Amino acid sequence: MMNPDLIQNTTLFVQEKLKNTEAGHDWFHIERVFKNALLIAQGETCNLLIVALGALLHDIADSKFYPDASGGDETIGPKIAREFLESENVDEVTIQHIVNIIENISFKGGNTKKTFSSIELNIVQDADRLDAIGAIGIARTFNYGGFKNRAIYDPNIAPNLHMTKEEYKNSKAPTINHFYEKLLLLKDKMNTETGKKMAQERHLFMEKFLSQFYDEWDGEK
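Bear in mind that the values here come from a model prediction, so they are computed numbers and not experimental data.

Rules behind the numbers
- Residues numbered from 1 in each chain as written.
- Predicted model: local features only at pLDDT ≥ 70, side-chain atom pairs only at ≥ 80, totals over all residues.
- Heavy atoms only, no water.
- Helix = DSSP H or I, 4+ residues; strand = E, 2+ residues; numbered from the N terminus.
- Rg over C-alpha atoms; globule rule 2.2 N^0.38 Å.
- Buried < 20%, exposed > 50% of the residue type's maximum accessible area, 1.4 Å probe, protein only.
- Areas by Shrake-Rupley, 256 points an atom, 1.4 Å probe, with all protein chains shown as cover.
- Axes fitted to C-alpha atoms, helices over the stretch in contact; angles between N-to-C directions.
- Parallel < 35°, antiparallel > 145°, perpendicular 65-115°, else oblique.
- Left-handed = near helix turned anticlockwise from the far one by under 90°.
- Contact = heavy atoms within 4.5 Å.
- Nonpolar A, V, L, I, M, F, W, Y, C, P; charged D, E, K, R; others polar.
- Expected span 1.5 Å × (residues − 1).
- Arc of directions from axis to C-beta.
- Polar contact = N/O pair within 3.5 Å; in protein donor to acceptor, adjacent residues only side chain to side chain.
- Core = buried A, V, L, I, M, F, W, Y, C linked by side-chain atoms within 4.5 Å.

### Quick notes on the overall build of the protein
Moving on, step 1. Within the protein, the regular secondary structure consists of 10 helices and 0 strands.
Moving on, step 2. For the protein, the succession of helices and strands along the chain, N to C, is α-α-α-α-α-α-α-α-α-α.
Moving on, step 3. Here the C-alpha atoms of the protein give a radius of gyration of 18 Å, agreeing with the 17 Å that 2.2 N^0.38 yields for 221 residues.
Moving on, step 4. With the principal axes as the frame, the protein shows a C-alpha extent of 60 × 40 × 30 Å.
Moving on, step 5. Burial analysis of the protein (221 residues in total) assigns 48% to the buried set.
Moving on, step 6. Approximately 11400 Å² of the protein is accessible, and the part contributed by carbon and sulfur atoms is 51%.

Below, the structure written as C-alpha coordinates:
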(Lines give C-alpha, C1' and ligand atoms only; values in the text may rest on other atoms or scores of the structure.)
Protein backbone atom coordinates (compact mmCIF):
# COMPACT_ATOMS: atom_id res chain seq x y z
CA MET A 1 0.00 0.00 0.00
CA MET A 2 1.28 3.46 -0.90
CA ASN A 3 1.92 6.03 1.83
CA PRO A 4 1.22 9.48 0.31
CA ASP A 5 2.93 11.41 3.09
CA LEU A 6 6.07 9.28 2.86
CA ILE A 7 6.14 9.62 -0.94
CA GLN A 8 5.75 13.39 -0.64
CA ASN A 9 8.49 13.65 1.99
CA THR A 10 10.79 11.47 -0.11
CA THR A 11 10.11 13.57 -3.20
CA LEU A 12 10.97 16.79 -1.38
CA PHE A 13 14.12 15.21 0.07
CA VAL A 14 15.32 14.01 -3.34
CA GLN A 15 14.53 17.32 -5.03
CA GLU A 16 16.59 19.18 -2.45
CA LYS A 17 19.44 16.66 -2.51
CA LEU A 18 19.77 16.72 -6.30
CA LYS A 19 19.10 20.41 -7.00
CA ASN A 20 22.67 21.08 -8.23
CA THR A 21 23.26 17.72 -9.92
CA GLU A 22 24.40 17.17 -13.53
CA ALA A 23 21.34 17.34 -15.80
CA GLY A 24 21.30 13.66 -16.75
CA HIS A 25 21.07 12.58 -13.12
CA ASP A 26 18.89 15.36 -11.69
CA TRP A 27 15.37 15.40 -10.25
CA PHE A 28 13.81 15.19 -13.71
CA HIS A 29 15.64 11.89 -14.30
CA ILE A 30 14.28 10.62 -11.00
CA GLU A 31 10.77 11.78 -11.90
CA ARG A 32 10.86 9.99 -15.27
CA VAL A 33 12.11 6.78 -13.65
CA PHE A 34 9.43 7.09 -10.95
CA LYS A 35 6.66 7.45 -13.56
CA ASN A 36 7.96 4.59 -15.69
CA ALA A 37 8.34 2.37 -12.63
CA LEU A 38 4.71 2.94 -11.64
CA LEU A 39 3.63 2.26 -15.23
CA ILE A 40 5.57 -1.02 -15.39
CA ALA A 41 4.30 -2.01 -11.94
CA GLN A 42 0.72 -2.01 -13.23
CA GLY A 43 1.48 -5.25 -15.05
CA GLU A 44 3.25 -6.93 -12.13
CA THR A 45 2.40 -8.31 -8.71
CA CYS A 46 4.61 -6.22 -6.45
CA ASN A 47 4.96 -4.00 -3.40
CA LEU A 48 4.11 -0.62 -4.87
CA LEU A 49 5.58 1.35 -1.95
CA ILE A 50 8.97 -0.32 -2.39
CA VAL A 51 8.83 0.33 -6.15
CA ALA A 52 8.03 4.00 -5.56
CA LEU A 53 10.68 4.54 -2.89
CA GLY A 54 13.25 2.54 -4.82
CA ALA A 55 12.66 4.67 -7.91
CA LEU A 56 12.82 7.93 -5.98
CA LEU A 57 16.00 7.02 -4.10
CA HIS A 58 17.87 4.92 -6.69
CA ASP A 59 20.22 7.77 -7.71
CA ILE A 60 20.28 9.76 -4.48
CA ALA A 61 24.11 9.73 -4.63
CA ASP A 62 25.31 8.22 -7.92
CA SER A 63 28.77 6.75 -7.34
CA LYS A 64 30.20 8.33 -10.51
CA PHE A 65 29.95 11.73 -8.80
CA TYR A 66 31.81 10.48 -5.71
CA PRO A 67 35.18 9.37 -7.13
CA ASP A 68 37.46 7.00 -5.27
CA ALA A 69 40.23 4.60 -6.25
CA SER A 70 37.73 2.21 -7.88
CA GLY A 71 36.10 4.94 -9.94
CA GLY A 72 33.19 5.78 -7.63
CA ASP A 73 32.14 5.21 -4.02
CA GLU A 74 29.09 2.93 -4.14
CA THR A 75 28.42 3.07 -0.39
CA ILE A 76 27.22 6.69 -0.23
CA GLY A 77 23.85 6.26 -1.96
CA PRO A 78 22.66 3.35 0.20
CA LYS A 79 23.88 5.17 3.33
CA ILE A 80 21.99 8.38 2.54
CA ALA A 81 18.85 6.45 1.61
CA ARG A 82 18.97 4.41 4.82
CA GLU A 83 19.45 7.48 7.01
CA PHE A 84 16.53 9.25 5.37
CA LEU A 85 14.18 6.27 5.59
CA GLU A 86 15.11 5.69 9.23
CA SER A 87 14.28 9.35 9.92
CA GLU A 88 10.84 8.65 8.41
CA ASN A 89 10.38 5.62 10.69
CA VAL A 90 10.22 3.17 7.80
CA ASP A 91 10.45 -0.47 8.90
CA GLU A 92 13.79 -2.27 8.55
CA VAL A 93 12.57 -4.85 6.03
CA THR A 94 11.47 -2.10 3.64
CA ILE A 95 14.66 -0.11 4.19
CA GLN A 96 16.87 -3.10 3.47
CA HIS A 97 14.91 -3.92 0.32
CA ILE A 98 15.39 -0.37 -0.99
CA VAL A 99 19.09 -0.44 -0.10
CA ASN A 100 19.37 -3.71 -2.05
CA ILE A 101 17.70 -2.06 -5.04
CA ILE A 102 20.15 0.86 -4.96
CA GLU A 103 23.12 -1.50 -4.65
CA ASN A 104 22.07 -3.71 -7.56
CA ILE A 105 20.41 -1.40 -10.08
CA SER A 106 23.43 -0.13 -12.02
CA PHE A 107 24.69 -1.50 -15.34
CA LYS A 108 28.42 -1.39 -14.36
CA GLY A 109 29.62 -2.62 -17.72
CA GLY A 110 27.08 -5.43 -17.85
CA ASN A 111 29.52 -7.89 -16.30
CA THR A 112 28.43 -7.67 -12.67
CA LYS A 113 25.87 -10.18 -11.43
CA LYS A 114 23.15 -8.97 -9.11
CA THR A 115 23.56 -10.14 -5.52
CA PHE A 116 19.85 -9.59 -4.83
CA SER A 117 16.69 -10.32 -6.79
CA SER A 118 13.09 -9.14 -6.49
CA ILE A 119 10.30 -8.07 -8.79
CA GLU A 120 10.56 -4.58 -7.30
CA LEU A 121 14.25 -4.38 -8.30
CA ASN A 122 13.37 -5.66 -11.77
CA ILE A 123 10.74 -2.94 -12.19
CA VAL A 124 12.92 -0.06 -10.99
CA GLN A 125 15.89 -1.33 -13.00
CA ASP A 126 13.78 -1.46 -16.17
CA ALA A 127 12.48 2.06 -15.53
CA ASP A 128 16.01 3.34 -15.01
CA ARG A 129 17.28 1.60 -18.15
CA LEU A 130 14.43 3.02 -20.23
CA ASP A 131 15.65 6.49 -19.31
CA ALA A 132 19.11 5.56 -20.64
CA ILE A 133 17.86 4.79 -24.15
CA GLY A 134 15.76 6.45 -26.85
CA ALA A 135 15.65 10.22 -27.34
CA ILE A 136 16.12 10.96 -23.63
CA GLY A 137 18.97 8.48 -23.43
CA ILE A 138 20.76 10.12 -26.36
CA ALA A 139 20.36 13.56 -24.79
CA ARG A 140 21.61 12.33 -21.40
CA THR A 141 24.58 10.54 -22.96
CA PHE A 142 25.86 13.60 -24.79
CA ASN A 143 25.14 15.83 -21.81
CA TYR A 144 27.28 13.62 -19.59
CA GLY A 145 29.99 13.35 -22.26
CA GLY A 146 30.16 17.14 -22.38
CA PHE A 147 30.13 17.31 -18.58
CA LYS A 148 33.21 15.03 -18.59
CA ASN A 149 34.79 16.88 -21.56
CA ARG A 150 34.87 13.73 -23.69
CA ALA A 151 35.19 13.63 -27.46
CA ILE A 152 31.94 13.11 -29.35
CA TYR A 153 33.45 10.49 -31.65
CA ASP A 154 36.86 9.23 -32.71
CA PRO A 155 36.89 6.64 -35.52
CA ASN A 156 40.30 5.46 -34.28
CA ILE A 157 39.01 4.46 -30.84
CA ALA A 158 36.91 1.30 -31.01
CA PRO A 159 34.26 0.48 -28.39
CA ASN A 160 35.41 -1.91 -25.68
CA LEU A 161 32.74 -4.56 -25.22
CA HIS A 162 34.62 -6.57 -22.61
CA MET A 163 35.37 -4.03 -19.91
CA THR A 164 35.62 -4.97 -16.28
CA LYS A 165 33.46 -3.07 -13.81
CA GLU A 166 36.44 -0.88 -12.90
CA GLU A 167 37.34 -0.19 -16.54
CA TYR A 168 33.74 0.75 -17.27
CA LYS A 169 33.57 3.16 -14.34
CA ASN A 170 36.89 4.81 -15.28
CA SER A 171 36.38 4.93 -19.05
CA LYS A 172 37.19 8.18 -20.86
CA ALA A 173 36.17 6.92 -24.31
CA PRO A 174 34.28 9.10 -26.82
CA THR A 175 30.56 9.43 -26.21
CA ILE A 176 29.52 7.46 -29.32
CA ASN A 177 31.34 4.43 -27.91
CA HIS A 178 28.94 4.44 -24.98
CA PHE A 179 26.11 3.44 -27.31
CA TYR A 180 27.88 0.15 -28.03
CA GLU A 181 29.28 -0.36 -24.55
CA LYS A 182 25.91 0.13 -22.83
CA LEU A 183 22.90 1.72 -24.51
CA LEU A 184 22.39 -0.72 -27.38
CA LEU A 185 22.78 -3.64 -24.97
CA LEU A 186 19.96 -2.61 -22.66
CA LYS A 187 17.03 -3.77 -24.82
CA ASP A 188 18.04 -7.39 -24.28
CA LYS A 189 18.61 -6.89 -20.56
CA MET A 190 15.11 -5.74 -19.67
CA ASN A 191 13.37 -7.78 -16.98
CA THR A 192 9.63 -7.24 -17.43
CA GLU A 193 7.35 -7.69 -20.43
CA THR A 194 6.26 -4.06 -20.27
CA GLY A 195 9.87 -2.92 -20.07
CA LYS A 196 10.81 -5.05 -23.05
CA LYS A 197 8.00 -3.59 -25.16
CA MET A 198 8.86 -0.02 -24.20
CA ALA A 199 12.54 -0.57 -24.88
CA GLN A 200 11.99 -1.82 -28.44
CA GLU A 201 10.89 1.52 -29.91
CA ARG A 202 13.59 3.44 -28.05
CA HIS A 203 16.24 1.02 -29.28
CA LEU A 204 15.17 1.48 -32.90
CA PHE A 205 15.32 5.25 -32.46
CA MET A 206 18.95 5.00 -31.32
CA GLU A 207 19.85 2.84 -34.30
CA LYS A 208 18.33 5.42 -36.65
CA PHE A 209 20.21 8.19 -34.87
CA LEU A 210 23.54 6.39 -35.23
CA SER A 211 22.93 5.73 -38.92
CA GLN A 212 22.21 9.42 -39.50
CA PHE A 213 25.19 10.42 -37.34
CA TYR A 214 27.66 8.37 -39.38
CA ASP A 215 26.22 9.62 -42.69
CA GLU A 216 26.67 13.20 -41.56
CA TRP A 217 30.12 12.50 -40.11
CA ASP A 218 31.25 11.03 -43.44
CA GLY A 219 29.69 13.87 -45.44
CA GLU A 220 27.15 11.61 -47.11
CA LYS A 221 24.05 13.60 -46.08
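### Some details on the environment of Phe 205
Moving on, step 1. Within the secondary structure layout, Phe 205 lies in helix α10 (residues 193–217).
Moving on, step 2. Among the residues examined, Phe 205 registers a relative accessible area of 43% and is labelled partly exposed.

### Observations regarding the packing of helix α3 (residues 48–57) against helix α5 (residues 92–104)
Moving on, step 1. Running from N to C, α3 and α5 cross one another at 45°; their axes reach a closest spacing of 9 Å. Relative to α5, the element α3 lies oblique. Taken as a pair, α3 and α5 cross one another with a handedness that is right-handed. The residues of α5 that touch α3, namely those facing Ile 50, Leu 53, Gly 54 and Leu 57, are Thr 94, His 97, Ile 98, Ile 101 and Ile 102.

### Concerning the packing of helix α1 (residues 4–17) against helix α2 (residues 27–41)
Moving on, step 1. For the pair α1 and α2, the least separation of the axes is 10 Å and the interaxial angle reads 150°. By the angle between their axes, α1 is roughly antiparallel relative to α2. Crossing handedness for the pair α1 and α2: right-handed. For the pair α1 and α2, contact is made by Ile 7, Thr 11, Val 14 and Gln 15 and by Trp 27, Ile 30 and Phe 34, respectively.
Moving on, step 2. Here the residues of the contact of α1 with α2 are counted per class, giving 5 nonpolar, 2 polar and no charged.

### Regarding the side chain of Asp 215
Moving on, step 1. Relative to the helices and strands, Asp 215 resides in helix α10.
Moving on, step 2. Classification of Asp 215 as buried rests on a relative accessible area of 17%.
Moving on, step 3. Beyond its immediate stretch of four places on either side in the chain, Asp 215 contacts Glu 220 and Lys 221.

### Some words on helix α4 (residues 76–87)
The α-helix advances 3.6 residues per turn, and as a result positions three or four apart in sequence lie on the same side.
Moving on, step 1. An ideal rise of 1.5 Å per residue puts 16 Å on 12 residues; α4 measures up with 17 Å between its terminal C-alpha atoms.
Moving on, step 2. Taken together, the buried positions of α4 are occupied by Gly 77, Pro 78, Ile 80, Ala 81, Phe 84 and Leu 85. Projected down its long axis, α4 carries its buried residues within an arc of 165°, all on one side.
Moving on, step 3. Where the residues of α4 are buried, they touch α1, α3 and α5.
Moving on, step 4. Asn 89 lies just past α4 and shows a positive phi near 60°.

### Describing the environment of Gln 125
Moving on, step 1. Mapped onto the fold, Gln 125 is located in helix α6 (residues 119–130).
Moving on, step 2. Counting along the chain gives 71 residues from Gln 125 to Gly 54, while the straight-line C-alpha distance between them is 9.4 Å.
Moving on, step 3. Polar contacts involving the side chain of Gln 125 include one to the main-chain carbonyl oxygen of Asn 104, which spans 3.4 Å.

### Examining the nonpolar core
Moving on, step 1. Core analysis: the largest hydrophobic core is formed by 56 residues, its most contacted members being Leu 57, Leu 85 and Phe 179.
Moving on, step 2. Within the residue set of this core, elements represented by two or more residues are α1, α2, α3, α4, α5, α6, α9 (175–181) and α10.
Moving on, step 3. Sequence-distant contacts of Leu 57, defined by excluding residues within four places in its chain, comprise Thr 10, Phe 13, Val 14, Ala 81, Phe 84, Leu 85, Ile 98 and Ile 102.

### Considering unusual backbone geometry
Moving on, step 1. You will see that Asn 89, though not glycine, has its phi angle at about 60°, which is positive.
Moving on, step 2. Inspection of the secondary structure puts Asn 89 in the loop between α4 and α5.
Moving on, step 3. For Asn 149, which is not glycine, the phi dihedral falls at a positive 60°.
Moving on, step 4. Locating Asn 149 in the fold gives a position in the loop between α7 (134–147) and α8 (165–170).
Moving on, step 5. Residue Asn 149 is classed as exposed on the basis of its relative accessible area, which comes to 71%.

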